[in-house]
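Listed below, chain by chain, are the residues.
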Amino acid sequence: MLKIEAVLQPSKLDAVKDALLEAGIEGMTILEARGHGRQKGHTEFYRGREYTVDLLPKVKIELVVTDDRKESAIQAIISAARTGRIGDGKIFVSRIEEAIRIRNDERGESAL
Amino acid sequence: MRCDCKPLFFSAVFVLPVAAQAQTSTPLPPTQAQFAALQQAVQNAQSNADNAWMLVSAALVLLMTGPGLALFYGGLVRRKNILATMMQSFAMMGLVTILWAVAGYSLAFGHGNAFIGGFEHLFLRGVGLAPNPDYAATIPEQTYMVYQLMFAIITPALITGAFAERMKFSAMAVFLSLWSLLVYSPMAHMVWGVGGLLNANAGHIPSLDFAGGTVVHITSGVSALITALYLGKRIGYPHTAMPPHSMVLSFIGACLLWVGWFGFNAGSALGSGPLATSAFVNTHFAAAAAALGWTVAEWIHNGKPTALGAISGAVAGLVAITPASGFVQPFSALLIGAIAGVFCSFMVFEVKSRLGYDDSLDAFGVHGAGGTIGALLTGLFATSAINAAFGKGMPTGAMDGHWGQVLNQAAGIGVSWVLSIVGTLVLLFVVDKIIGLRVSTEDEHEGLDLSQHGEEGYDLNS
């Protein structure tokens, strides 16, 4: 089982969600986050002084999928989220040790 | 020959039946008693009209503090301090009311000497529903007292802008209570009280302050500066950006201030007649011109017009027109507003950052500076065509040729600056020694809502 974490532009959330659903992936967790990579922030004015805001709003999606679903999930995210500009985001993949369904104690891949 | 026959026709309809009746009983001239009763009825009608406007004005001025100022200041601070900031204004609504009823009104408007009133109205003794002809001959003295109370409430509340985000609630309550009795009441007495040093009627240095440019705005603004300097900067200022957490709240607050100011200025006519109209029009014109002035200045200076600049400009204009509102012509008001908008923006953009003091919410830049320039411009633009303040036929301001009035205004400004500086320094020192003024570093980091009040302004998780 693999965990896929994707940090995205907030405006791409709906498109990515839809693309994942189309790829047959239904479970996900969505978090509001702030951050930046190489993307510069924006400047704001307060009382005549300029200052830079470099913690930008982001959205983070977390999914846990079976190993065979990894590439289709990644492709779904990329195709929906890519604009070609700096700020598109990143995807990280890590291994998951265990998954448990709280409702009925199911474990392993059938809990996903 | 064409005649305007309609009025003739209508009066005939009414006159003919009366004329017909008159042939049966001769109408008598009104008796002395009836005439006196008629005169009283007319007087009552005038009084009731004045009282109605004055009560509405008092309510409008209170609205300026709660929620006007509470929202305006509240939106400008960081989220962790919103409740504490609003509490400071609200606390004045409670505290100053008690102090005013007990002693404040008496010290401001009782008979005393040139600098302070007396104790004849302690606990509002003698302040009933009959008018006090020294101040307002057509309204109950309690109306006058409660109207003035609203001014006494907002003045210390304005000072809270300078020490936002770092003063202890307890210390603030004690400091501002003492300030209200020992700085505000004397200043009010000097400018508006019978026998006051700066009273336009018979004072030693007659100064023109229609609604409180010196009494309210210079005292609060200058005291704010002293407090900001005494307390020191907020932790992290100026390197850390501390932008407003909610310009939305500030915007709403500023608009409430603008509307409430009609009570502040037009109510200072103490009646519902044409002088109130003058003050109303001037107030509005100055606010609009100043908002534009600040906006244009900022657009040129920074490249973008900000909402904060626009609303600050409007407030600056309202401050500047306050002493002038019942003395100048509408286009003078426009000019006063425009000048104040540009001048106050300069004070905030350039002077504040160059000198480096942390007047968190620009109480000095807007109220202190705006009040000062407004009081000076009053001397320039006041005209007996609007208000023959020094007597019928006497010139009022420089526009009438009375250039000496500008000097009188300067003297009044000087007195308010000195009283504010000395009074505030002494009180800050005393309260600091007894209670301690500033919150601890941890409390300042945690935020005053939690550290001073055990509350959070917004619970975004519930």
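Being a predicted model, the structure only gives us computed values, none of them experimental.

Conventions adopted
Residues numbered from 1 in each chain as written. Chains lettered and ligands numbered in written order. Predicted model: local features only at pLDDT ≥ 70, side-chain atom pairs only at ≥ 80, totals over all residues. Helix = DSSP H or I, 4+ residues; strand = E, 2+ residues; numbered from the N terminus. Rg over C-alpha atoms; globule rule 2.2 N^0.38 Å. Buried ≥ 20, exposed ≤ 12 C-beta atoms within 10 Å, placed from the backbone. pLDDT = per-residue confidence, 0-100. Expected span 1.5 Å × (residues − 1). Pairing = 2+ DSSP bridges. Core = buried A, V, L, I, M, F, W, Y, C linked by C-beta atoms within 7 Å. Contact = placed C-beta atoms within 7 Å.

1. Considering the overall build of chain A
Secondary structure summary: chain A contains two helices and six strands in total. Reading chain A from its N terminus to its C terminus gives the helix and strand order β-α-β-β-β-β-α-β. For 112 residues, the compact-globule estimate of 2.2 N^0.38 gives 13 Å, and chain A exceeds it by more than 25% at 17 Å. Each principal axis of the C-alpha atoms in chain A carries an extent, and together these give about 60 × 30 × 20 Å.

2. Concerning unusual backbone geometry
Residues and elements named next belong to chain B. The residue after Gly66, namely Pro67, is reached through a cis peptide bond having omega 0 degrees. As for its placement among the helices and strands, Pro67 is situated in helix H2 (residues 32–76). Omega for the peptide link from Tyr237 to Pro238 comes to 0 degrees, which places this bond in the cis form. With phi around 75 degrees, Glu165 is a residue other than glycine that occupies positive phi space. In this fold, Glu165 is placed in the loop between helix H4 (141–159) and helix H5 (169–192). Glu165 gets classed as buried once you count the C-beta atoms within 10 Å, which come to 22. Located in the positive-phi region is Asp362, a residue other than glycine, with phi close to 60 degrees. On the secondary structure map, Asp362 appears in the loop between helix H10 (330–355) and helix H11 (363–381).

3. Overview of the confidence of the model for chain A
Predicted confidence across chain A gives a mean pLDDT of 92, with 100% of residues reaching 70 or more. Ranking the elements of chain A by mean pLDDT puts strand E4 (residues 49–53) of chain A last, at 79, and strand E1 (residues 2–8) of chain A first, at 97.

4. Considering helix H6 (residues 213–231) of chain B
Residue and element names in this part refer to chain B. Given a rise of 1.5 Å per residue, 19 residues ought to cover 27 Å, and the 25 Å separating the end C-alpha atoms of H6 matches this to within 8%. Here H6 lies mainly inside the structure; 16 of its 19 residues are buried. Of the residues flanking the end of H6, it is Gly232, one or two places downstream, whose phi is positive at about 90 degrees.

5. Thoughts on the pairing of strand E5 (residues 56–65) of chain A
Looking along a regular strand, one sees the side chains alternate between the two faces of the sheet. All names here are of chain A. Here E1 pairs with E5 via seven bridges, running antiparallel. Bridge assignment links Lys3 to a residue of E5, and that residue is Val64. When strand E2 (residues 29–35) meets E5, the two strands line up antiparallel, connected through seven bridges. Paired with Glu32 across the bridge in E5 is Val59.

6. Considerations on the nonpolar core
Counting 143 residues, the largest nonpolar core has Ala286 and Ala290 of chain B as the members making the most contacts within it. A per-element tally of this core places helix H3 (residues 82–109) of chain B first, with 14 residues. For Ala286 of chain B, the residues in contact, after removing those within four places along its chain, are Gly317, Leu318, Ala320, Ile321, Ala333, Leu334, Ile336 and Gly337 of chain B. Ranked by size, the runner-up nonpolar core spans 15 residues in total, among them Ala6, Ile25, Ile77 and Ala81 of chain A.

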